[in-house]
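# A closer look at the structure
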Amino acid sequence: MLATKSITEEILDLKRRRNAILLAHHYQEPEIQELADVVGDSLELARKARQFEGEVIAFCGVWFMAETAKILNPERIVVVPDPEAGCSLVDCCPAEHLRAYRRRHPDHVIVSYINTSAEVKAESDILCTSRNAVDVVNSIPPEKTILFVPDRNLGLYVKHKTGRDNLKIWQGSCVVHATFSARRLAAAKERFPNALVAAHPESPQETLRQADFIGSTSAIIRWCVEHPGKEFIIVTESGVNFSLQRLAPDKKFHFVQNEQCNCSECPYMKKNSLEKLRDCLEKLEPRVELPEEIMKRALVPLERMLAVTTRK
Ligand code: 13P
Ligand code: SF4
(Lines give C-alpha, C1' and ligand atoms only; values in the text may rest on other atoms or scores of the structure.)
(Ligands and ions follow the chains in the order given, each with its own letter.)
Protein backbone atom coordinates (compact mmCIF):
# COMPACT_ATOMS: atom_id res chain seq x y z
CA MET A 1 0.00 0.00 0.00
CA LEU A 2 1.28 3.47 -0.87
CA ALA A 3 1.98 5.70 2.13
CA THR A 4 -0.13 8.90 2.04
CA LYS A 5 1.74 12.18 2.16
CA SER A 6 1.31 14.40 5.18
CA ILE A 7 -0.12 17.85 4.52
CA THR A 8 3.29 19.33 5.30
CA GLU A 9 4.93 17.16 2.62
CA GLU A 10 2.20 18.10 0.16
CA ILE A 11 2.83 21.81 0.76
CA LEU A 12 6.61 21.48 0.45
CA ASP A 13 6.20 19.43 -2.70
CA LEU A 14 3.81 21.98 -4.24
CA LYS A 15 6.09 24.81 -3.23
CA ARG A 16 8.97 23.20 -5.18
CA ARG A 17 6.82 22.42 -8.22
CA ARG A 18 5.37 25.93 -8.33
CA ASN A 19 8.75 27.61 -7.73
CA ALA A 20 7.01 29.40 -4.87
CA ILE A 21 8.11 31.25 -1.78
CA LEU A 22 6.06 31.08 1.39
CA LEU A 23 5.92 34.36 3.33
CA ALA A 24 4.28 34.38 6.75
CA HIS A 25 3.50 37.13 9.23
CA HIS A 26 4.31 36.60 12.93
CA TYR A 27 0.58 36.34 13.72
CA GLN A 28 0.12 33.13 11.72
CA GLU A 29 -0.53 29.78 13.37
CA PRO A 30 2.73 28.04 14.49
CA GLU A 31 2.37 25.23 11.92
CA ILE A 32 2.31 27.81 9.12
CA GLN A 33 5.28 29.73 10.54
CA GLU A 34 7.23 26.46 10.76
CA LEU A 35 6.86 25.88 7.01
CA ALA A 36 7.50 29.45 5.88
CA ASP A 37 10.65 30.54 4.03
CA VAL A 38 10.41 33.89 5.78
CA VAL A 39 8.51 34.93 8.91
CA GLY A 40 8.49 38.64 9.60
CA ASP A 41 6.72 41.89 10.34
CA SER A 42 5.01 43.78 7.55
CA LEU A 43 8.13 45.78 6.62
CA GLU A 44 10.37 42.70 6.43
CA LEU A 45 7.79 40.83 4.36
CA ALA A 46 7.44 43.75 1.92
CA ARG A 47 11.25 43.85 1.56
CA LYS A 48 11.37 40.08 0.94
CA ALA A 49 8.59 40.32 -1.62
CA ARG A 50 10.62 42.94 -3.48
CA GLN A 51 13.70 40.68 -3.67
CA PHE A 52 11.78 37.60 -4.85
CA GLU A 53 12.68 36.06 -8.21
CA GLY A 54 10.55 32.89 -8.37
CA GLU A 55 7.12 32.49 -9.93
CA VAL A 56 4.58 32.30 -7.09
CA ILE A 57 4.29 34.07 -3.74
CA ALA A 58 2.05 32.27 -1.26
CA PHE A 59 1.28 34.97 1.29
CA CYS A 60 0.15 33.83 4.74
CA GLY A 61 -0.96 36.98 6.47
CA VAL A 62 -3.84 39.29 5.64
CA TRP A 63 -5.09 40.56 2.30
CA PHE A 64 -3.45 44.02 2.34
CA MET A 65 -0.04 42.37 2.88
CA ALA A 66 -0.58 40.10 -0.14
CA GLU A 67 -1.68 43.14 -2.17
CA THR A 68 1.58 44.85 -1.19
CA ALA A 69 3.52 41.81 -2.47
CA LYS A 70 1.55 41.98 -5.74
CA ILE A 71 2.22 45.72 -6.19
CA LEU A 72 5.93 44.92 -5.86
CA ASN A 73 5.63 41.90 -8.20
CA PRO A 74 2.97 42.74 -10.81
CA GLU A 75 4.24 40.03 -13.19
CA ARG A 76 4.19 37.25 -10.57
CA ILE A 77 1.34 35.17 -9.17
CA VAL A 78 0.43 36.01 -5.57
CA VAL A 79 -1.92 33.57 -3.84
CA VAL A 80 -3.48 33.63 -0.37
CA PRO A 81 -4.94 30.77 1.68
CA ASP A 82 -8.12 32.71 2.58
CA PRO A 83 -9.26 35.90 0.81
CA GLU A 84 -11.51 36.71 3.78
CA ALA A 85 -8.41 37.46 5.90
CA GLY A 86 -9.00 41.20 6.01
CA CYS A 87 -8.07 43.88 8.55
CA SER A 88 -10.26 46.27 10.55
CA LEU A 89 -7.86 49.13 9.79
CA VAL A 90 -8.33 48.68 6.04
CA ASP A 91 -12.12 48.82 6.55
CA CYS A 92 -11.79 52.13 8.46
CA CYS A 93 -10.53 54.01 5.42
CA PRO A 94 -12.52 53.71 2.18
CA ALA A 95 -10.60 55.19 -0.78
CA GLU A 96 -13.45 57.58 -1.73
CA HIS A 97 -13.29 59.18 1.75
CA LEU A 98 -9.55 59.74 1.40
CA ARG A 99 -10.04 61.17 -2.12
CA ALA A 100 -12.62 63.61 -0.71
CA TYR A 101 -10.14 64.66 2.01
CA ARG A 102 -7.42 65.17 -0.61
CA ARG A 103 -9.75 67.39 -2.68
CA ARG A 104 -10.42 69.53 0.40
CA HIS A 105 -6.73 69.65 1.48
CA PRO A 106 -4.56 69.30 -1.64
CA ASP A 107 -1.49 70.63 0.23
CA HIS A 108 -1.50 67.99 3.01
CA VAL A 109 1.03 65.14 2.82
CA ILE A 110 -0.80 61.82 3.15
CA VAL A 111 1.13 59.21 5.12
CA SER A 112 -0.72 55.89 4.99
CA TYR A 113 -0.04 52.92 7.19
CA ILE A 114 0.61 49.80 5.11
CA ASN A 115 -2.62 48.40 6.66
CA THR A 116 -4.71 50.04 3.90
CA SER A 117 -6.18 48.93 0.58
CA ALA A 118 -4.19 49.21 -2.66
CA GLU A 119 -6.61 51.95 -3.73
CA VAL A 120 -5.83 53.99 -0.60
CA LYS A 121 -2.11 53.42 -1.14
CA ALA A 122 -2.56 54.82 -4.66
CA GLU A 123 -3.98 58.06 -3.12
CA SER A 124 -1.07 58.40 -0.66
CA ASP A 125 2.21 60.31 -0.80
CA ILE A 126 4.21 57.83 1.27
CA LEU A 127 3.47 54.64 3.21
CA CYS A 128 4.78 53.41 6.55
CA THR A 129 4.66 50.37 8.81
CA SER A 130 4.69 50.27 12.60
CA ARG A 131 8.46 49.75 12.35
CA ASN A 132 9.33 52.86 10.32
CA ALA A 133 6.38 55.24 10.93
CA VAL A 134 8.48 57.66 13.04
CA ASP A 135 11.33 57.70 10.49
CA VAL A 136 8.88 58.19 7.60
CA VAL A 137 7.22 61.18 9.29
CA ASN A 138 10.64 62.61 10.19
CA SER A 139 11.60 62.39 6.49
CA ILE A 140 8.88 64.95 5.61
CA PRO A 141 9.80 68.68 5.78
CA PRO A 142 8.65 70.07 9.17
CA GLU A 143 6.56 72.89 7.69
CA LYS A 144 4.24 70.46 5.90
CA THR A 145 0.85 69.46 7.33
CA ILE A 146 0.52 65.69 7.42
CA LEU A 147 -2.53 63.45 7.43
CA PHE A 148 -1.75 60.11 9.08
CA VAL A 149 -4.07 57.31 7.88
CA PRO A 150 -5.86 55.25 9.28
CA ASP A 151 -4.69 54.10 12.75
CA ARG A 152 -5.49 56.61 15.47
CA ASN A 153 -3.28 54.97 18.10
CA LEU A 154 -0.23 54.64 15.87
CA GLY A 155 -0.84 58.22 14.70
CA LEU A 156 -0.89 59.51 18.28
CA TYR A 157 2.27 57.55 19.09
CA VAL A 158 4.04 58.98 16.01
CA LYS A 159 2.84 62.50 16.86
CA HIS A 160 4.26 62.14 20.37
CA LYS A 161 7.61 60.70 19.14
CA THR A 162 8.12 63.26 16.38
CA GLY A 163 6.66 66.30 18.19
CA ARG A 164 4.81 67.24 14.98
CA ASP A 165 1.89 69.48 15.96
CA ASN A 166 0.76 69.70 12.33
CA LEU A 167 -0.03 65.98 12.13
CA LYS A 168 -3.71 65.18 11.66
CA ILE A 169 -4.96 61.70 12.42
CA TRP A 170 -7.64 59.53 10.79
CA GLN A 171 -9.85 57.85 13.41
CA GLY A 172 -9.42 54.14 12.56
CA SER A 173 -8.40 51.34 14.90
CA CYS A 174 -7.30 47.73 15.07
CA VAL A 175 -9.94 45.44 16.60
CA VAL A 176 -7.24 43.50 18.41
CA HIS A 177 -4.88 46.16 19.76
CA ALA A 178 -7.31 49.03 20.45
CA THR A 179 -8.83 47.12 23.38
CA PHE A 180 -5.60 46.10 25.08
CA SER A 181 -6.70 48.41 27.88
CA ALA A 182 -4.55 50.15 30.49
CA ARG A 183 -6.74 48.39 33.09
CA ARG A 184 -5.90 44.92 31.73
CA LEU A 185 -2.20 45.74 31.50
CA ALA A 186 -2.15 47.14 35.06
CA ALA A 187 -3.73 43.89 36.30
CA ALA A 188 -1.08 41.83 34.46
CA LYS A 189 1.68 43.98 35.97
CA GLU A 190 0.27 43.41 39.43
CA ARG A 191 0.19 39.66 38.81
CA PHE A 192 3.73 39.54 37.36
CA PRO A 193 5.53 42.37 39.18
CA ASN A 194 8.99 41.40 37.87
CA ALA A 195 7.97 41.34 34.22
CA LEU A 196 8.93 44.02 31.68
CA VAL A 197 6.31 45.20 29.18
CA ALA A 198 6.67 45.20 25.38
CA ALA A 199 3.77 46.68 23.38
CA HIS A 200 2.72 47.24 19.77
CA PRO A 201 2.02 50.92 18.92
CA GLU A 202 -1.51 50.14 17.66
CA SER A 203 -2.43 49.94 21.38
CA PRO A 204 -4.05 52.89 23.24
CA GLN A 205 -1.82 55.66 24.59
CA GLU A 206 -2.69 54.93 28.26
CA THR A 207 -1.52 51.36 27.69
CA LEU A 208 1.65 52.41 25.87
CA ARG A 209 2.53 54.75 28.74
CA GLN A 210 2.98 51.65 30.93
CA ALA A 211 5.33 49.92 28.46
CA ASP A 212 9.10 49.53 28.75
CA PHE A 213 9.38 49.00 24.99
CA ILE A 214 7.16 49.94 22.02
CA GLY A 215 7.75 48.48 18.56
CA SER A 216 6.64 46.36 15.61
CA THR A 217 6.13 42.61 15.99
CA SER A 218 9.72 41.81 14.94
CA ALA A 219 11.11 44.62 17.10
CA ILE A 220 9.21 43.28 20.14
CA ILE A 221 10.63 39.78 19.54
CA ARG A 222 14.18 41.10 19.10
CA TRP A 223 13.97 43.32 22.20
CA CYS A 224 12.70 40.49 24.44
CA VAL A 225 15.31 38.04 23.13
CA GLU A 226 18.22 40.46 23.53
CA HIS A 227 17.16 41.99 26.88
CA PRO A 228 18.78 40.45 29.98
CA GLY A 229 15.33 40.28 31.67
CA LYS A 230 13.73 36.87 32.15
CA GLU A 231 10.00 37.68 32.25
CA PHE A 232 7.89 39.80 29.90
CA ILE A 233 4.30 40.93 29.47
CA ILE A 234 3.46 41.12 25.77
CA VAL A 235 0.85 43.52 24.39
CA THR A 236 0.28 42.26 20.88
CA GLU A 237 -1.14 39.27 19.00
CA SER A 238 -0.18 35.92 20.55
CA GLY A 239 1.29 34.57 17.28
CA VAL A 240 4.62 36.19 18.25
CA ASN A 241 4.85 33.56 21.00
CA PHE A 242 6.11 31.06 18.42
CA SER A 243 9.32 33.03 17.75
CA LEU A 244 9.67 34.10 21.38
CA GLN A 245 9.62 30.48 22.61
CA ARG A 246 11.96 29.34 19.87
CA LEU A 247 14.50 32.13 20.35
CA ALA A 248 14.30 32.49 24.16
CA PRO A 249 13.12 29.15 25.59
CA ASP A 250 14.41 30.02 29.08
CA LYS A 251 12.26 33.19 29.38
CA LYS A 252 8.62 33.62 30.43
CA PHE A 253 6.07 35.50 28.29
CA HIS A 254 2.61 36.54 29.47
CA PHE A 255 0.06 37.81 26.96
CA VAL A 256 -2.44 40.51 27.93
CA GLN A 257 -5.99 39.63 26.84
CA ASN A 258 -7.96 42.38 25.15
CA GLU A 259 -11.42 43.64 26.13
CA GLN A 260 -12.84 42.67 22.74
CA CYS A 261 -12.55 38.88 22.80
CA ASN A 262 -10.76 38.11 26.06
CA CYS A 263 -7.96 36.81 23.91
CA SER A 264 -5.00 38.20 22.03
CA GLU A 265 -5.72 36.74 18.60
CA CYS A 266 -6.41 38.49 15.31
CA PRO A 267 -9.54 36.82 13.88
CA TYR A 268 -8.43 37.70 10.34
CA MET A 269 -4.90 36.31 10.63
CA LYS A 270 -6.27 33.10 12.09
CA LYS A 271 -8.47 32.40 9.06
CA ASN A 272 -5.53 30.77 7.29
CA SER A 273 -4.81 27.07 7.78
CA LEU A 274 -2.45 24.43 6.38
CA GLU A 275 -5.31 22.93 4.33
CA LYS A 276 -6.13 26.29 2.73
CA LEU A 277 -2.44 26.90 2.10
CA ARG A 278 -2.10 23.54 0.35
CA ASP A 279 -5.20 24.25 -1.75
CA CYS A 280 -4.05 27.71 -2.85
CA LEU A 281 -0.68 26.32 -3.97
CA GLU A 282 -2.41 23.51 -5.83
CA LYS A 283 -5.08 25.60 -7.61
CA LEU A 284 -3.13 28.87 -7.71
CA GLU A 285 -6.32 30.46 -6.39
CA PRO A 286 -7.43 32.68 -4.61
CA ARG A 287 -5.11 35.04 -6.45
CA VAL A 288 -4.49 38.73 -5.84
CA GLU A 289 -5.45 40.69 -8.97
CA LEU A 290 -5.32 44.48 -9.06
CA PRO A 291 -5.92 47.04 -11.82
CA GLU A 292 -2.61 47.96 -13.46
CA GLU A 293 -3.18 51.67 -12.97
CA ILE A 294 -3.74 51.21 -9.19
CA MET A 295 -0.59 49.09 -8.90
CA LYS A 296 1.51 51.68 -10.73
CA ARG A 297 0.25 54.53 -8.54
CA ALA A 298 0.51 52.54 -5.30
CA LEU A 299 4.10 51.53 -6.10
CA VAL A 300 5.27 55.16 -5.89
CA PRO A 301 4.52 55.72 -2.14
CA LEU A 302 5.59 52.14 -1.40
CA GLU A 303 9.01 52.64 -2.99
CA ARG A 304 9.33 55.98 -1.17
CA MET A 305 8.77 54.17 2.11
CA LEU A 306 11.27 51.42 1.29
CA ALA A 307 13.87 54.10 0.53
CA VAL A 308 13.55 55.58 4.05
CA THR A 309 16.26 54.16 6.30
CA THR A 310 14.83 52.56 9.39
CA ARG A 311 16.80 52.91 12.56
CA LYS A 312 15.21 49.96 14.45
P1 13P B 1 3.74 44.75 12.09
O2 13P B 1 4.11 45.76 11.08
O3 13P B 1 4.35 45.01 13.42
O4 13P B 1 4.04 43.40 11.58
O5 13P B 1 2.20 44.86 12.36
C6 13P B 1 1.24 44.52 11.43
C7 13P B 1 -0.09 44.42 12.05
O8 13P B 1 -1.05 44.17 11.37
C9 13P B 1 -0.20 44.67 13.47
O10 13P B 1 -1.48 44.46 13.89
FE1 SF4 C 1 -5.40 44.28 11.15
FE2 SF4 C 1 -5.34 44.38 13.79
FE3 SF4 C 1 -5.35 42.03 12.60
FE4 SF4 C 1 -3.15 43.59 12.48
S5 SF4 C 1 -4.05 42.62 14.29
S6 SF4 C 1 -4.11 42.49 10.78
S7 SF4 C 1 -4.11 45.63 12.39
S8 SF4 C 1 -7.02 43.56 12.56
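Throughout what follows, the structure given in this document is the object of discussion. Quantities reported herein were computed from a predicted structural model and do not represent experimental measurements.

### Looking at the overall build of the protein chain
Each helix and strand in the protein chain was counted, giving 15 helices and twelve strands. For the protein chain, whose C-alpha radius of gyration is 19 Å, the value lies close to the compact-globule estimate of 20 Å for 312 residues. Dimensions of the protein chain along its principal axes, counting C-alpha atoms only, are 70 × 50 × 30 Å. Within the protein chain, the proportion of its 312 residues that are buried is 58%. Put simply, the protein chain shows about 13800 Å² of open surface, and 49% of that area lies on carbon and sulfur atoms.

### Overview of the state of the cysteines
Formally, a disulfide is one covalent bond, and it connects the sulfur atom of one cysteine to the sulfur atom of another. Taken as a whole, this structure holds one disulfide when the rule is applied. Here C128 stays unpaired: no disulfide links it, and the sulfur of C93, its closest cysteine neighbor, is 12 Å away. C224 takes part in no disulfide bond, and the closest cysteine sulfur to it belongs to C174, at a distance of 19 Å.

### Observations regarding the site of ligand 1
In the vicinity of ligand 1, the contacting residues are H25, Y27, D41, S42, N115, S130, H177, H200, E202, S216 and T217. With respect to ligand 1, the side chain of H25 contributes an N or O atom lying 2.6 Å from an oxygen atom. Between an oxygen atom of ligand 1 and a side-chain N or O atom of H200, the distance comes to 2.9 Å. Expressed as a share of its isolated accessible area of 300 Å², the protein-covered part of ligand 1 is 96%. Among the residues forming the shell around ligand 1, the class breakdown is one nonpolar, eight polar and two charged.

Analysis parameters
- Residues numbered from 1 in each chain as written.
- Chains lettered and ligands numbered in written order.
- Predicted model: local features only at pLDDT ≥ 70, side-chain atom pairs only at ≥ 80, totals over all residues.
- Heavy atoms only, no water.
- Helix = DSSP H or I, 4+ residues; strand = E, 2+ residues; numbered from the N terminus.
- Rg over C-alpha atoms; globule rule 2.2 N^0.38 Å.
- Buried < 20%, exposed > 50% of the residue type's maximum accessible area, 1.4 Å probe, protein only.
- Areas by Shrake-Rupley, 256 points an atom, 1.4 Å probe, with all protein chains shown as cover.
- Disulfide = S-S within 2.5 Å.
- Near = heavy atom within 4 Å.
- Polar contact = N/O pair within 3.5 Å; in protein donor to acceptor, adjacent residues only side chain to side chain.
- Nonpolar A, V, L, I, M, F, W, Y, C, P; charged D, E, K, R; others polar.

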